[in-house]
Amino acid sequence: MYLCRRIYNDKETMKTNIIAFGMMMVAVLTAVNCRAQILYADFSDPDVCEGNDGDYWLTASSFQCTPGLPVLHSTDLDHWTVVNYALTRLMPYEHYDTLHHGCGVWAPSIRRHGKTYYIYYGDPDYGVFMLKTDDPAGRWEDPVLVLPGKGVIDTCPLWDDDGHVYLVNAWANSRCGFNSILTIRELSADGTHAIAEPVMVYDGQPEGNHTIEGPKLYKKDGYYYILAPAGGVANGWQVALRSSNIYGPYEAKTVYNQPGIHQGGWVNDAFICFQETGAYGRILHRLDVGWKDRWPVMSRRKTAEVQKLQCIDKSLLYQWHANYQDTFGFRTAGGMRVYGHRIDMTAGQETIWNVPNLYLRKFEGETFCDTLHTTITAKANGQQSGFVIMGRDYLRLAAELHDGAFVIKEIRNTDADKGGAETATTLQTIPARQYGAGANPNYECSVTFTIECQRGALCNIAYSTDGKTFTALPSPFKAREGVWIGAKYGVYSITPVAARGWIDLHL
């Protein structure tokens, strides 16, 4: 049936699957040696810095999802572990308490100055924010609005030798009407606010470096360097800018030109960057960095190995789809409870595209399988909870209460981002466990969901109501990316009435 369950059935099956898995890994590693992939998971716009102890820290764009600004740790730049999130909730809170796809955290930078770590990020609608801490794996201070404004994105600071602090940034055409330029301005000594007007230090259009963005600012051997991709995400190239003066003029040189390798950060002899892969999101790559004639030279690694994403706590793999609010749900001793979000469930109106409390995790690997154990509880007819693969197209499996029993439905939506309508197929009706809960009883059932993802983001889904016998959906679902993020999967709960049902995800 499914590899994640079938592989344990007998020794011969296990042997067959191990051989098949080995052949698959040979093919994967062959591709990796050409592409230098190190982590096949969606960590868009990565940036890295060296830690106090010779280790490394990475953060990435999290857009509207919370907790935001994932913090990953490594000792070798190849193996990465999710240890924390720097951002609990997006500011301004009243705006991001509702779902705004693709907004929020764009292209952050992480830097260490002395023993303090800083993250700067641009919100294209509200300006530049900064967070800091002395322990990246611990608590980060609440965000400080460094620079209010619209269109300022892809920010990176530099603490200069003379004590001055500078910030470089790109510009979002969708918000301010122009792009393809980089500006630098001076910040206060503590990095909390701008103290000078921006200076345009590079216009990429005359030299053919249109759509230059994602700048990272460095200083080496008396030169200021800006590393930035140009040409767009799908077909761009890496540009290095160099000047002996922070405000230029800057010379430009293309230092890597393999389409699909986009922005990232440089540390020691490595450049950690991303590649856009559609439903899988923006996966991490590592390039080698050498120096010639005071220019960085980027090249593919001769050997590389795709690593499995690690985490110190399985709950760190999950995020809410918008700013977390207490009414979304709560951590429990065994996982997470997600309460029903009230939506209009009249005919033709039902969709979860704008439900903020989806509890989701990234796709990990070109092929993978996972099992989600849940307990679903409802109080009123029409309340439903279940499993979802979320993106511009989505699939969900719902257990909906109807007259004391649960109806299992398969629901699909194509072009949900454009107002697409759901289509539902009833699969079966299962009995509910009933127990007293005040004036009205609660109805409960246990459902186990499995997902097996094949190459091409083709997902086979199955469910079980007893944990033993599984029913597979008649046809696979081809996952699709969201807005600036890859497809994600997890659990949800919705309700047509004020009272809420819920789903318990057992981690």
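An account of the accompanying structure is given in this report. All values reported here derive from a predicted model rather than from experimental measurement.

1. Details of the nonpolar core
Right, so step 1: Counting residues in hydrophobic clusters, the biggest one holds 62 residues, and the most contacted among them are Phe 363 and Ile 389.
Right, so step 2: With 6 residues, strand E34 (residues 442-454) is the largest single contributor of residues to this core.
Right, so step 3: Setting aside residues up to four positions removed in sequence, Ile 389 forms contacts with Phe 363, Tyr 394, Leu 395, Ile 451, Cys 459, Ile 461, Phe 477, Ala 479, Lys 488 and Tyr 489.

2. Things to note about the packing of aromatic side chains
Right, so step 1: Within this structure, the stated rule accounts for 25 aromatic pairs.
Right, so step 2: Judged by centre distance (6.2 Å) and plane angle (70°), the rings of Tyr 280 and Phe 363 are edge-to-face. Here Tyr 280 is found in the loop between strand E19 (270-276) and strand E20 (282-292), whereas its partner Phe 363 is found in the loop between strand E27 (359-362) and strand E28 (368-378), with 83 residues between them in sequence.
Right, so step 3: A network of ring pairs unites the aromatic residues Tyr 40, Tyr 280, Phe 363, Phe 368, Phe 387, Phe 449 and Tyr 489 as a single cluster.
Right, so step 4: The ring of Phe 43 has Lys 362 lying over it, and the distance from NZ or CZ to the ring centre is 4.8 Å.

3. Observations concerning the sheet that holds strand E17 (residues 251-256)
Right, so step 1: As summarised here, the arrangement of the 4 strands in space is E14-E15-E16-E17, forming an open sheet in which the pairing is antiparallel. The strands lining the two open edges of the sheet, one partner per strand, are strand E14 (216-220) and E17. Between one strand axis and the next, the sheet turns by 30° as a mean value, whatever way the strands run.

4. Quick notes on the sheet that holds strand E3 (residues 56-59)
Right, so step 1: The 5 strands are arranged E2-E3-E4-E5-E22 in an open sheet whose pairing can be described as mixed. The open sheet has two edge strands, strand E2 (47-50) and strand E22 (310-311), and neither has a second partner.
Right, so step 2: Examined bridge by bridge, strand E4 (residues 68-74) and strand E5 (residues 81-87) share 5 bridges and lie antiparallel to one another. Directly across from His 73, in E5, lies its bridge partner Thr 81.

5. Here we look at the side chain of Arg 111
Right, so step 1: Inspection of the secondary structure assignment puts Arg 111 in strand E6 (residues 106-113).
Right, so step 2: Take Arg 111: its relative accessible area is 10%, and that puts it in the buried class.
Right, so step 3: A distance of 2.6 Å separates a polar atom in the side chain of Arg 111 from a polar atom in the side chain of Asp 47.
Right, so step 4: There is a polar contact of 3.4 Å between the side chain of Arg 111 and the backbone oxygen of Val 48.

6. As for the pairing of strand E15 (residues 223-230)
Looking along a regular strand, one sees side chains alternate from face to face of the sheet.
Right, so step 1: Within E15, 7 of the 8 residues are buried, which leaves it mostly tucked inside the rest of the structure.
Right, so step 2: The hairpin turn running from E14 into E15, its antiparallel successor, is 2 residues long, and Asp 221 in that turn takes a positive phi close to 55°.
Right, so step 3: Across 7 bridges, E15 lies against strand E16 (residues 237-243) in antiparallel orientation. Bridging across to E16, Ala 228 finds its partner in Val 239.
Right, so step 4: Where E15 folds back on E16, the antiparallel hairpin that results is connected by 6 residues, among which Gly 231 adopts a positive phi of roughly 90°.

Thresholds applied
Residues numbered from 1 in each chain as written. Predicted model: local features only at pLDDT ≥ 70, side-chain atom pairs only at ≥ 80, totals over all residues. Heavy atoms only, no water. Core = buried A, V, L, I, M, F, W, Y, C linked by side-chain atoms within 4.5 Å. Buried < 20%, exposed > 50% of the residue type's maximum accessible area, 1.4 Å probe, protein only. Helix = DSSP H or I, 4+ residues; strand = E, 2+ residues; numbered from the N terminus. Contact = heavy atoms within 4.5 Å. Phe/Tyr/Trp six-rings, centres within 6.5 Å; stacked < 30°, edge-to-face > 60°. Lys NZ or Arg CZ within 6 Å of the ring centre and 35° of its normal. Pairing = 2+ DSSP bridges. Axes fitted to C-alpha atoms, helices over the stretch in contact; angles between N-to-C directions. Polar contact = N/O pair within 3.5 Å; in protein donor to acceptor, adjacent residues only side chain to side chain.

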